[in-house]
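Notes for the structure review
In case you want the letters, here they are:
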Amino acid sequence: MEPIMDTRIWRAAFDLKATGTDPIDLRMYLKLDDAPLSETWMFQHLPGLDNQRQG
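Reading the values: rules and limits
- Residues numbered from 1 in each chain as written.
- Predicted model: local features only at pLDDT ≥ 70, side-chain atom pairs only at ≥ 80, totals over all residues.
- Heavy atoms only, no water.
- Helix = DSSP H or I, 4+ residues; strand = E, 2+ residues; numbered from the N terminus.
- Buried < 20%, exposed > 50% of the residue type's maximum accessible area, 1.4 Å probe, protein only.
- Contact = heavy atoms within 4.5 Å.

Once that is clear, we can look at the environment of Leu-46. Relative to the elements of secondary structure, Leu-46 occurs in the loop between β6 (41-45) and α1 (47-54). We classify Leu-46 as partly exposed; its relative accessible area is 33%. Put simply, Leu-46 and Asp-22 are 24 residues apart on the chain and 6.9 Å apart in space, counted from C-alpha to C-alpha.

This is how it looks when you write it as structure tokens:
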């Protein structure tokens with residue numbers, strides 16, 4: 001997590017190294033103790049499609 005300079009916005013970043021072709025469900029949200037601080041971000045990564053596009 002890092003703040004975006006001169007705003008009240010924060011940025012989250014991560015690297016994903018997928019092996020195989022099975023779909024990967026990603027979900028992220030911010031919380032403090034047990035209280036949510038943000039909405040939930042959800043994404044389904046389909047590594048099998050990456051391989052089809054490249055070759």
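With respect to the secondary-structure elements, Arg-11 resides in strand β2 (residues 10-11). Of the residues examined, Arg-11 reaches a relative accessible area of 43% and is grouped as partly exposed. It is 5.6 Å that separates the C-alpha atoms of Arg-11 and Met-1, two residues lying 10 residues apart in sequence. Residues in contact with Arg-11, not counting those within four places in the same chain, are Met-1, Glu-2 and Ile-4.

Distances and angles like these do not, on their own, reveal function.
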